[in-house]
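Residue-level structural notes
For reference, the chains in residue letters:
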Amino acid sequence: MKYKYAIEMGGAYTKIYVKDCGLALCESTLVAAKPTVDGYKVIGLGDEAKNLMGKTNEDVEVFSPVSNGIIENYEYCQRLLEYFFKKVEYRRRENVMVLINCGLSDGDKRQYLNLLHSIGFKEVVLVPTVLCTCLGAGKNISSTKITMVVNMGGANTDIAVVNMNSIIKGATLGIGGRAMDSAISRSIAYNNGIVIGLGMAQTLKNEVGSLFANDTLNMEVTGVDVETKIPRGYIITSSDLYPILVPFFHEILQAIEVTITSLPPEISTDIINNGVLFAGGLSQIAGFAQFLKKNFRFPYTIAADAENVSILGAGKLLDDEELIKKITENF
């Protein structure tokens, strides 16, 4: 069965790869809606919705219809995917590959199948994101050698042990960039007396966030004073964000170590020999490699183009029908 499209619908971003074209879309997995007498009305999708964050009436809600890899709101998810696929000029009755988190229930998987069929796709195949991550990083997932991959995304972190086209052990943690954004926003309100939106918190994390304890990066933000309710500026430094971010990364490393130590000796030995592959946008934060060197006792590599490595791996998989068949037999 030939597949033309691959889609990765994360809690933060949705990416679509089109065969023979490459990565065709990367937009925020967000919907903006407001209540009316006839129900909620959508006023923005994707990046349009993101640009509305903090800039509309209080009754406008900006949210992601996907949480921890699970479709939380089918109707809005459908609207969002129709919008995205129209942007890449898809044709109905084509076939599509969907990247999903490991550990989803059969019911959650059926939601994805039904969703893609509902917007006009003929054949839909579900593939674990972590296998595509390995492929994008140049790993041979058909090998008998064990590969451990940690994909740290916008909404969650996938931890998986891969061998012979399948996942031996996998878990999804509800820790990702969005949780960090919320923590940054809360901390700045409490410690600095200024309220900023999640969009600004995300920008701070990406531009100033660092796992170097003494980093000197800084950025001026404008928010609303907690007491006076008047807008004012404030300079946030990397050292302000450091104690907010570090506990999240320690929790991820702890989960990885628990996973490794729970495995049979033959498998854990392979992981020690082959190392752990890190991917996802959070692996690009300043100082991450040095943080691993200091706090992680196993060998590791950080994927090149870590933010897009999974969807690029899916692009490679589109051309390998035999491998797709082997993966789906084991999933």
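Scope of this entry: the structure provided in the associated data block. Predicted model only: the values in this text are computed from it and were never measured. (Residues numbered from 1 in each chain as written. Predicted model: local features only at pLDDT ≥ 70, side-chain atom pairs only at ≥ 80, totals over all residues. Heavy atoms only, no water.)

Focus: the nonpolar core
In terms of nonpolar packing, the biggest core is built from 43 residues, with L204, F249, I256, I271 and F278 touching the most fellow members. If one sorts the elements of this core by residue count, helix α7 (residues 238–261) sits on top with 11 residues. In this structure, F278 is in contact with V150, M152, L253, I256, F288, L292, F296, Y300, T301, I302 and A303, ignoring residues within four places of it in sequence. One finds V66, F84, V96 and Y112 within the second-largest nonpolar core, a separate group that totals 33 residues. (Core = buried A, V, L, I, M, F, W, Y, C linked by side-chain atoms within 4.5 Å. Buried < 20%, exposed > 50% of the residue type's maximum accessible area, 1.4 Å probe, protein only. Helix = DSSP H or I, 4+ residues; strand = E, 2+ residues; numbered from the N terminus. Contact = heavy atoms within 4.5 Å.)

Notes on the packing of aromatic side chains
This model, assessed by the stated rule, comprises 13 aromatic pairs. With 4.8 Å between their ring centres and 65 degrees between their planes, F85 and F121 make a pair best called edge-to-face. With F85 in helix α2 (residues 74–87) and F121 in the loop between α3 (106–118) and β10 (123–128), this residue pair connects regions lying 36 residues apart in the sequence. Residue F85 is classed as buried on the basis of its relative accessible area, which comes to 0%. (Phe/Tyr/Trp six-rings, centres within 6.5 Å; stacked < 30°, edge-to-face > 60°.)

Digging into the pairing of strand β16 (residues 231–237)
Pairing of strand β15 (residues 218–225) with β16 involves 7 bridges; the strand directions are antiparallel. Residue V221 lies in a different strand from β16, and its bridge partner there is Y234. The hairpin formed by β15 and β16 contains 5 residues between the paired strands, and K229 there has a positive phi angle of roughly 65 degrees. (Pairing = 2+ DSSP bridges.)

Some words on the side chain of D158
Locating D158 in the fold gives a position in strand β12 (residues 157–163). Despite being buried, D158 has no salt bridge partner; K109 is the closest side chain of opposite charge, sitting 12 Å away. Of note is the side chain of D158, whose polar atom sits 3.1 Å from the side chain of N101. A polar contact of 3.4 Å, which involves the side chain of D158, links it to the backbone nitrogen of C102. With sequence-adjacent residues up to four places away left out, D158 is seen in contact with N101, C102, V130, V149, V150, N151, A171 and T172. (Lys, Arg positive; Asp, Glu negative; His and termini not counted. Salt bridge = Lys/Arg side-chain N within 4 Å of Asp/Glu carboxyl O. Polar contact = N/O pair within 3.5 Å; in protein donor to acceptor, adjacent residues only side chain to side chain.)

Without other data, these values stay purely geometric and don't point to any function.
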